[in-house]
Amino acid sequence: MKRNRWLFAVGASVVGLNVLAAMGPKAVGNQPPQVAVGTSIWRNGSFPVENFQGYTSPFGYRSSPTGGYSTEFHTGLDFAAPNGSYIRNWWSGRVIRVSDNTACGTSVRVQSGSWVHVYCHMKGYVARDSRGPYVVDGGLRIRQGQTVKAGQRIGRVGMTGRTTGPHLHWTLKYQGKLVDPAAVLRAMHRAQRGSISQKL
Ligand SMILES: [Zn+2]
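Residues numbered from 1 in each chain as written. Predicted model: local features only at pLDDT ≥ 70, side-chain atom pairs only at ≥ 80, totals over all residues. Heavy atoms only, no water.

- The name recorded for the protein chain in an unreviewed UniProt entry is Peptidase M23 domain protein, from Acaryochloris marina.

Listed below in structure tokens is the structure:
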């Protein structure tokens, strides 16, 4: 019974990825987006981590990293990078939440129009003052409510939350729906080919 569920889950995930691949960067999940996104949006997007070493876990259903036959849905894409590598904000926007008390660890959530991008397992912790919460990592401060530019360093790769090694977990949502970050990176790569062709 469990095995059948697992197979079904993997099938569903693959279908979702195929739909995304067939429809290109404008596609979100199994539905086309309500708002057309021109290719120019991808041109200025930043790859989200420095000293990138490889993708360690894709978006979608996977076996539980803690063993056994259970499955879980991996809501983002994992980027391996050495402990302390800088994380770069993907797209200009506003920090709508900072947090350090979930499996995501010390995290920053940024909104850019219809997109929300989340960075997990960062170094540092959340402090609070009269103006509200902010992430502290050495001399770096990222405050809830502040604006951040594309490519701006917003933290460093760490091991906070549920993780077995230093990496960036990156979640993307478009109009509230999860999107495979790899599809977005492929679209960025196509738009930026020639200028950053070595990055992906
Ligand atoms: Zn992850």
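### Here's the deal with the packing of aromatic side chains
What describes a pair of aromatic rings is the distance from one ring centre to the other and the angle between the planes of the rings.
Step number 1: Per the counting criterion, the structure on display carries 13 aromatic pairs.
Step number 2: Between phenylalanine 79 and tryptophan 170, the ring centres sit 5.9 Å apart and the planes meet at 65 degrees, which makes this aromatic pair edge-to-face. With phenylalanine 79 in strand E4 (residues 77–80) and tryptophan 170 in strand E14 (residues 167–174), the pair connects residues that are 91 residues apart, well separated along the chain. Of the two residues, phenylalanine 79 and tryptophan 170, both sit in the buried class.
Step number 3: Through a chain of ring-to-ring contacts, three or more aromatic side chains come together here, namely Phe47, Phe52, Tyr55, Phe79, Trp90, Trp91, Trp115, Tyr119, Trp170 and Tyr174.
Step number 4: A cation over a ring is seen here: arginine 153 above tyrosine 86, with NZ or CZ 3.8 Å from the ring centre. (Phe/Tyr/Trp six-rings, centres within 6.5 Å; stacked < 30°, edge-to-face > 60°. Helix = DSSP H or I, 4+ residues; strand = E, 2+ residues; numbered from the N terminus. Buried < 20%, exposed > 50% of the residue type's maximum accessible area, 1.4 Å probe, protein only. Lys NZ or Arg CZ within 6 Å of the ring centre and 35° of its normal.)

### Observations concerning the environment of proline 48
Step number 1: Looking at the secondary structure, you find proline 48 in the loop between helix H2 (40–43) and strand E1 (54–57).
Step number 2: Given the relative accessible area of 0%, proline 48 is considered buried.
Step number 3: Taking the C-alpha atoms as reference points, proline 48 and glutamine 152, separated by 104 residues in sequence, lie 9.4 Å from one another.
Step number 4: What proline 48 contacts, discounting residues up to four positions off in sequence, is Phe79, Tyr86, Ile87, Arg88, Tyr119, Leu168, Trp170 and Leu185. (Contact = heavy atoms within 4.5 Å.)

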